[in-house]
Each structure stands twice: as C-alpha cells, then as structure tokens.
Amino acid sequence: QQQQQQQQPVEPELPEECDIVVRLAKALSSLYKEVHASVKDDVAEAREVFAAPELVLEMFMQRLLEQNVQAALERLLLPAGPGMAALAASTNAIAAVAAAPSVDRTSNPANPTLRERARERASSIAASLSGAPAGSAGSGSAGGAAGSGGSSSSAGAAGSGGSFSAGGRPPAALQRQQLRLLAEAYSKTQRLALNLERVVRGVAQVDVLSMAEGLWPALLGSYPAQELAWLQAAYQDEVQLLDSPELNLNFCLKLMAWNAEATARALKLSAPPQAARNCRMLFHHLVAAAAAAAGGTTGAAAAGISADGGEGSTSGGGSGVPGAAGAGFAPTAHPGCLLEHLARHIIGGVEFSLEMCSVGGGSSLGGLLSKMGFSSVSRASASQVAGAFVGDKIRKALEAAHVATQVMAALQSHYSGTVAPAVSGSVAELSSASSALLALIRASEDSITAVLSKSVDTFMTQMERVLTSEQRRSDFTPRDDTLSFDKPTAACLLGTALLAALQDAAIATLEGPNRQQFLAEVTCRSHQLLLAHMMRYTYSPAGALKWKKDVNEYAEVLASFGVPSAAEDMGHLLQLVNVLVVAPESLLGLVNGSLRMAHRDALQFIALREDFKTAKVDGKTLLQLFSAEGMERHIGQQR
C-alpha cells in the first residue's frame, strides 16, 4: 500500500493561475467576517448609550472603513504590501516550473510542492492583513491598524498606478493575478459594505456603500490602464510562442477570451458613468487625428485623450487634456485594445501569405518535376507534382483567407455577446465600438480579397507556364499514323492536375461565397487562357483531334467546379475546335450555323488550320472564301 501511495501521481503544482488569489481573497473574507461580527456588538451598544446614534454611527463607520478596511486593502493591493509579494512569489514559482519541467516534484516533507509553499505563504499573509485584532475596532484600536498599515498614502497608491509598481512592468501572469485580486477585493469590500448597512439600518441611515466606494479611487489608480497593460504584455508573450507569422485562429480566440475577462472586470470596477467608456477602451482606441487636423476639441474631449497619448482614467489618476486636439495633438493607438491586436495579427498574416504565394524557385512545376525525379509525365506523376505546388504556394494562402473569415465571424459573435452589452449604456460608445468593428471587418474583407486574388494570379501564372513550356508544336502536327487520341498531351495532364489540386485545396479551406467566387474566377480565366493558348499553334486534322481531347479534359475538370458559366464557356471552346477538325467543305455551314460567328472573327481560327493556304472550296482558298469579297462571289454562284 505504501508503494502504491508513492507511485500515485503527484498533485499538479499550481494548476490554477489564480490559486494564490483565491487564498488571499479568503484571508480578506475572514477579516471582513470578524469586522462584521464586531460591528454588530458596537451598533447594539451605540443604540443603548446614545439618544441620537445616527451621527455617532456615521463617524464610526467612516473611521472603521478608513482605518481597518483601507489598511487591509493597502496591505493586500499596494506594491510594497504582503499581498503583492505573495503574488510575485507565486508567479516566480510557476515560471521556475515552466523553465525546468524535468525537476522532481515528489511531494514529501523535505521537498514541499509549490502549491504547499504557496499555501504556507498565503496563511502567513492572512494574519498580516488584519494588523491589529479586528475585535477591538470599536474601542479605538483600529487607529493602531491605521498607523501600522495606513502609512501608504492615497497619493502614493494613485501614483503607483494602483497595484503596479513604477520600477518596471511586471510579467503578464503577475499582472493578471493582480487584476483578479483587485476584482476579488472589490467584490468582497462591496459585500461587507452592504452587510454593514444592514446592521445599522434599524438604528440609523448610514450610506456605508458610498463610503466604501470612496476607498477605491486611490487603489484603482488609472484603471483601466492596468487592464490594457496586462493585455499588451499577454499579447507580446503569446506572439513569441507562435511558430510562424501565419494567421492563427486559436491565437485570435485567446485574445477575445482575454478581452472578455477584462471587460467583465471593467464592468465591476468602473463607476457606472465610466463603465461603457472603459469597456470601449479595451475593445478599441479612438484616434483623434481627424479632430486635431480640423483644430476642433470636441472629438478629443469625447475620447478623453490624455497628454501622454493615453486616455483619461476613471478615478482621477490620469491627466486628461480635452484641448489637446485643438493644439494639433494626435495621440498614438492604445496598446492592449483588442482591435489593435487583431488588426496587427491579420495584417501580418496576410502579408506573410502573400509572400508565400509567389511563383518561382524550386516550387515552380518545372523545378518540381525534376526535383521529384519524374522523367515523363503521367496522370499519377502530374497529380503528385500539381499537389505539391498547390500545397506549397496556394493552399497556405487559401487557409489564411479562411482563417481571416473565421476570425471575423468569431469577432462579430464576441462583439454581440460581450462588447455591445458592455457599452450599450452610452450611445456614443456603442456607436464608436460598432464603427470600429465595421472598419476592421471591411479591412479584413479587403485583405481576404487580396489573398484570393493573389492566389488566382499565382495559379494562372503557373498554368500559363505549364502550357507554354510543356506543350509541343508537334503535339498538334503529328506525323505518326499510330497516334492515339485517347491520351491527352503532357501539358494537358499537368494543367488538369493543377486544376484538380486547386479544387481540392479550395474545398478543404474555403467556404460559401469565398469558394464560389474563387472557383468562378479560376474558371473564367482558365477559359481565356485556353483560348489564347489555342491561338499559338497550327493544327493538322489529327492534331486538331488531339487538341479536342485536351479541351474535353479541361472541360471535365472545370465542370466539377460547380460554376454555372463553365459548361457554356467550355462548350463554346469545343465548338471553336471543330473549325480545326471538319473538312474545308463543311466550314461555311459550321460558321454560319451552330457557331453563328462573323466571318472576320471565324477567320482567325480557320487560319490555324494546317491546310489554310492549300485547301480550296469551289476553287477558292479559305482566305478568299471567308473574306468579304470571296463571300459575295460564293453567294452569287449559289443563286
């Protein structure tokens, strides 16, 4: 049994980032329970001793909050307090584990786990939060607590930015824990204030909740700057973990989850008049450059732009400069806001995908053929080579476009479920947030269009290279009587393999209108390319049949794209090929009948026939027959 216990998996060390936060919050709750219990006795005593206890109880509650509660909060939240020291120690321990994953973490008295050490640290801090015994709060011993813990002035708290020291930016994990602890302390303090109000309600009307709110401006500092600082630090840390600059959906979803967490805290910690504005700041930043150029101050005042390029704080910690725009001040974007991070990631990912989608090097089809060791072209080898090219050059770009589409869909859902409800209390902030969202959506759609357009350009460039480099003039003027018309030419095998590989990539990566428009563009341009390719060669009767086999192969692949215009376009091309196939005597009937082409237009295709200069109909060459003068003579002879 002892051996089984030793082999049992060790408890994970600090699996929850907020473990120490929970314990510190519990320590604060224990203190508040003691304060609440002692106040009950003090209120009962005041009711018996004083004829008019209202003023006495109001002064008592004010002193209690300032000396006991504020002292505990300062110990918990100020940079030099034991609460911040515990958070820093916990964060360092987690970082040490991450840096040394092979360390033996067996739990035994001689080698305590990090969780156990964190518990010991939290327990030692719990007593320090109370300073003097809470039971003596009503007898004046709270003054001792204030003296020992209240030495950090309000100015010092505000100057330090709430729970952040001025000596350097803490790691993102520590900033997150500080913010969680700040929110926990705020909630528990509000709950204590409500409980204290209930205690005195039967004796006097004391607004304890408002008194408790007065403790927070100094502790909140320039909030929500702390949230933005954490979001920026977390973003930078996460960027370092990305394997490549490619668009990453999970990364974007994580940014949205962080924004949702920060928004929930902002709703809790912000005064009602400032809640919508603070939540908007976490979503995006208002740039007052336009207002600055116009010399106006209204836009800057509405945005709350401060002189250091940030936005004014909710608690008076920032130095708002409403007239900055009038002085020509154009603030920089707020680091940390969600839309800035998403825009940066999307732009970087799109640029990377566009770079990757360039043609050339070993990834061109000619290079791949030799690199993969193929001496001749078959359906199998063409499929392999085409798949390699599309996978290397095209598919990644299509994936980037698809990810950008997914990110925008997720962002709109995040906005509807999180951001819009949070900023709905202000028409101006709601309008600002929705406008910024629409701007990013439009920019993202432009980026998606650019990626898809570049993908089509790259693909069509490669198609043209294949046709010009692999197609031989002898393919269409063969001198071999045993020529097989069942097998397409090598150029056709590669071209159709490219189209099939592209279709597979599009189906695997794109959806909805993006896929339809992409395949429609490829279909249209392929038809144009094949028509232009046809005009480069001269065709014997056997060669014309060979070209017709190729066109049928292309038509079959393009028909599978599901583009309505494909059948019509390729059907017309096949009819044009018949101009090269039929006997000279049948040309007039074909051109005037099923093709319904002007003779001048038909002549450019008839000129591709090998017998164009030698064949005669009723003693006239084909040029004479299809020229205006020749046509008039032909009609006269028929009459």
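Residues numbered from 1 in each chain as written. Predicted model: local features only at pLDDT ≥ 70, side-chain atom pairs only at ≥ 80, totals over all residues. Heavy atoms only, no water.

(A) Fine view of the overall build of the chain. If you tally the helices and strands in the chain, you get 27 helices and two strands. Split into buried and exposed, the 639 residues of the chain put 48% on the buried side. Sequence-distant contacts in the chain: of pairs separated by 6 or more residues, those separated by 24 or more amount to 77%. Here the chain displays about 29,200 Å² of accessible surface, and carbon together with sulfur accounts for 53% of that area. (Helix = DSSP H or I, 4+ residues; strand = E, 2+ residues; numbered from the N terminus. Buried < 20%, exposed > 50% of the residue type's maximum accessible area, 1.4 Å probe, protein only. Contact = heavy atoms within 4.5 Å. Areas by Shrake-Rupley, 256 points an atom, 1.4 Å probe, with all protein chains shown as cover.)

(B) Region of the structure containing the environment of Glu 74. Among the structural elements, Glu 74 can be located in helix 3 (residues 53–77). Each C-alpha atom, one on Glu 74 and one on Leu 219, is 7.6 Å from the other, the two residues being 145 residues apart in sequence.

(C) Representation of the confidence of the model for the chain. Overall, the predicted model of the chain reaches an average pLDDT of 77, with 72% of residues at or above 70. Within the model, pLDDT remains below 50 along residues 102–111, and this stretch shows 12 contacts once partners closer than five positions in the same chain are excluded. Scored below 50 in pLDDT, residues 287–332 shows 76 contacts in the model against residues more than four places distant or in partner chains. (pLDDT = per-residue confidence, 0-100.)

(D) Structural view of the pattern of salt bridges. Evaluation of the coordinates by the stated rule reveals 13 salt bridges. One salt bridge connects Glu 227 with Arg 265, and the closest N-O pair in it is separated by 2.8 Å. You can see Glu 227 sitting in helix 11 (residues 225–241) and its partner Arg 265 sitting in helix 12 (residues 249–269), a full 38 residues away along the chain. In this pair, the class of Glu 227 matches that of Arg 265, namely buried. A salt bridge links Arg 265 to Glu 261; the nearest nitrogen and oxygen atoms lie 2.9 Å apart. Remark: Glu 261 and Arg 265 occur in helix 12; sequence separation between them is four residues, near one turn of the helix. Side by side, Arg 265 and Glu 261 carry an identical accessibility label, which is buried. (Salt bridge = Lys/Arg side-chain N within 4 Å of Asp/Glu carboxyl O.)

(E) Local environment of helix 23 (residues 564–581). Compared with an ideal rise of 1.5 Å per residue, which puts 18 residues at 26 Å, helix 23 spans 27 Å between its outermost C-alpha atoms and is within 8% of the ideal. Taken together, the buried positions of helix 23 are Ala 566, Asp 569, Met 570, Leu 573, Leu 574, Leu 576, Val 577, Asn 578, Val 579 and Leu 580. Contacts from the buried residues of helix 23 go to helix 21 (512–534), helix 22 (541–559), helix 24 (587–595) and helix 25 (599–606). (Expected span 1.5 Å × (residues − 1).)

(F) Examining the layout of surface pockets more closely. Here the second largest pocket defines a volume of roughly 220 Å³. Forming the boundary of the second largest pocket are 11 residues, of which Ala 172, Ala 234, Asp 237, Glu 238 and Trp 258 lie nearest the centre. Among the elements of the structure, helix 8 (172–200), helix 11 and helix 12 are those that each provide at least two residues to the lining of the second largest pocket. Ranked by residue count, the leading element in the lining of the second largest pocket is helix 11, at five residues. Looking at the lining of the second largest pocket residue by residue, the class counts come to six nonpolar, no polar and five charged. (1 Å grid on protein atoms, 1.4 Å probe; cavity = no way out; pocket = protein on both sides within 12 Å on 5 of 7 lines; lining within 4 Å. Points joined across faces, edges and corners; volume = space filled by probe spheres on them. Nonpolar A, V, L, I, M, F, W, Y, C, P; charged D, E, K, R; others polar.)

(G) Quick peek at the packing of aromatic side chains. For the structure on display, the rule yields eight aromatic pairs. Between the aromatic rings of Tyr 235 and Phe 251, the centroid separation amounts to 5.8 Å while the plane-to-plane angle is 50°, which identifies the pairing as tilted. Residue Tyr 235 is found in helix 11, and its partner Phe 251 is found in helix 12; the two are separated by 16 residues along the sequence. For the pair formed by Tyr 235 and Phe 251, the shared burial category is buried. Plain terms: the ring middles of Phe 476 and Trp 547 are 5.6 Å apart, the flat faces sit at 75° to each other, and that makes the pair edge-to-face. In this pair, Phe 476 is assigned in the loop between helix 19 (427–470) and helix 20 (490–509) and Trp 547 in helix 22, connecting sequence segments 71 residues apart. Both residues of the pair, Phe 476 and Trp 547, belong to the buried class. (Phe/Tyr/Trp six-rings, centres within 6.5 Å; stacked < 30°, edge-to-face > 60°.)

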